[in-house]
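One letter stands for each residue in the lines below.
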Amino acid sequence: MRLSAPLAYRLGVGSRALAAILGGYLLAAAASALLALLLPRVTGTGRADAVIAATLASFAIYTGAVIWVFAARSATRAWLGLLLPAAGMAAIVYLLYRNVP
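Each chain carries its own residue numbering, running from 1 in the direction its sequence is written. Given that the model is predicted, a residue must reach a pLDDT of at least 70 before its local features are reported, and side-chain atom pairs must reach 80 or more before they are shown or counted; all residues, however, enter totals for whole chains, interfaces and linings. Think of the side-chain values as coming from all heavy atoms in the structure, minus any hydrogens and water.

### Some details on the packing of helix α2 (residues 47-71) against helix α3 (residues 75-98)
Then, number 1: All axes here are fitted lines through C-alpha atoms, helices being fitted over the stretch that makes contact, and every angle between N-to-C directions spans 0 to 180 degrees. A run of H or I in DSSP counts as a helix once it spans at least four residues, and a run of E counts as a strand once it spans at least two, with each numbered from the N terminus. Look at α2 against α3: their axes get within 8 Å of each other, and the N-to-C directions meet at 155°. What the angle tells us is that α2 and α3 run roughly antiparallel. Seen from above, α2 lies across α3 with right-handed handedness. Only Arg77, Ala78, Gly81 and Leu82 of α3 make contact with α2, whose side of the interface consists of Ala65, Trp68 and Val69.
Then, number 2: For this scheme, ten residues count as nonpolar: Ala, Val, Leu, Ile, Met, Phe, Trp, Tyr, Cys and Pro. Four count as charged, namely Asp, Glu, Lys and Arg, and the remainder, Gly too, count as polar. Of the residues assigned to the contact of α2 with α3, the class counts are five nonpolar, one polar and one charged. Angles below 35 degrees are treated as roughly parallel, those above 145 as roughly antiparallel, those between 65 and 115 as roughly perpendicular, and all remaining angles as oblique. Each crossing gets its hand from how the near helix is turned against the far one by less than a right angle, where anticlockwise is left-handed and clockwise is right-handed. We call two residues in contact whenever any of their non-hydrogen atoms come within 4.5 Å of each other.

Given below as structure tokens:
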């Protein structure tokens with residue numbers, strides 16, 4: 001079944017918008033959690049400072065994710081470009097969180 005060109009375009013834009021909203025949030029949340037766990041280990045800063053820095057960085061990461069979604073060649077690449085790194089970071093967070101003192 002083939003979609004008409006205007007409908008396919010609208011579905012592609014809708015998919016990218018969902019990727020920007022949901023996928024961008026997942027990527028920013030995973031990156032924020034990873035930074036919050038890594039910064040105290042790497043820099044020796046306190047946990048509160050690491051959480052604040054990670055939260056501030058998440059705003060830039062989310063903005064970059066939104067830009068990435070609309071710059072990608074296809075909606076599929078946009079989704080994969082967000083979900084694969086987010087899943088990788090979430091796996092690392094899980095492994096690190098199990099070993100937090």
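### Things to note about α2
Two residues of an α-helix separated by three or four positions point the same way, owing to the 3.6 residues in each turn.
Then, number 1: An expected span of 1.5 Å times one less than the residue number is assigned to each helix. With 25 residues, α2 should cover 36 Å at 1.5 Å per step; its first-to-last C-alpha distance of 35 Å lies within 8% of that length.
Then, number 2: Remark: exposure states derive from per-residue accessible area (1.4 Å probe, protein chains only) relative to the maximum for the residue type, with buried under 20%, exposed over 50%, and partly exposed in between. When we look at burial in α2, the residues that qualify are Ala50, Ala54, Ser58, Ala65 and Val69.
Then, number 3: Here the buried face of α2 lies against α1 (5-43) and α3.

### So, the nonpolar core
Across soluble globular proteins, nonpolar side chains show a tendency to be buried alongside one another.
Then, number 1: Counting residues in hydrophobic clusters, the biggest one holds 16 residues, and the most contacted among them are Leu27, Leu34, Val69, Leu82 and Met89.
Then, number 2: At the level of secondary structure, the elements contributing two or more residues to this core comprise α1, α2 and α3.
Then, number 3: Per element, the largest residue contribution to this core is seven residues, and it comes from α1. Side-chain atoms within 4.5 Å link the members of a nonpolar core, which is a set of buried Ala, Val, Leu, Ile, Met, Phe, Trp, Tyr and Cys residues.

### With respect to the UniProt feature "transmembrane region" (unreviewed entry) in the chain
Then, number 1: UniProt positions are given in the numbering used here, feature names are shortened, and annotations may be inferred rather than shown by experiment. What UniProt calls "transmembrane region" (unreviewed entry) maps, in this numbering, to residues 17-39, 51-72 and 78-97.
Then, number 2: Along residues 51-72, the helical share is 95% and the strand share 0%, with 30 Å between the first and last C-alpha atoms.
Then, number 3: End C-alpha atoms of residues 78-97 are separated by 28 Å, and the span's content is 100% helix alongside 0% strand.

### Points about the confidence of the model for the chain
Then, number 1: The predictor reports its confidence for every residue as pLDDT, a score running from 0 up to 100. With 97% of its residues at a pLDDT of 70 or more, the chain shows a mean pLDDT of 92.
Then, number 2: Summarising per-element confidence for the chain, the mean pLDDT is lowest in α1 (92) and highest in α2 (95).

### Observations concerning the packing of α1 against α2
Then, number 1: Orientation of α1 relative to α2, taken along the N-to-C sense of each, is 150°, at an axis distance of 7 Å. Relative to α2, the element α1 is oriented roughly antiparallel. Here the hand of the crossing between α1 and α2 comes out right-handed.
Then, number 2: Its residues placed into classes, the contact of α1 with α2 shows 23 nonpolar, four polar and two charged.

### Considering a nonpolar patch on the surface
Then, number 1: Patches were defined on residues exceeding 30% relative accessible area and lacking a salt bridge, with like-charge contacts within 9 Å and nonpolar side-chain contacts (Val, Leu, Ile, Met, Phe, Trp, Tyr) within 5 Å. Every accessible area reported is derived by Shrake-Rupley at a probe size of 1.4 Å, with residue values counting cover from the shown protein chains alone. The term salt bridge refers to a side-chain nitrogen of Lys or Arg lying within 4 Å of a carboxyl oxygen of Asp or Glu. Taken together, the side chains of Leu3, Leu7 and Leu11 make up a nonpolar region of the molecular surface, amounting to roughly 260 Å² of accessible area.
Then, number 2: On the accessibility criterion, Leu7 (39% relative accessible area) is partly exposed.

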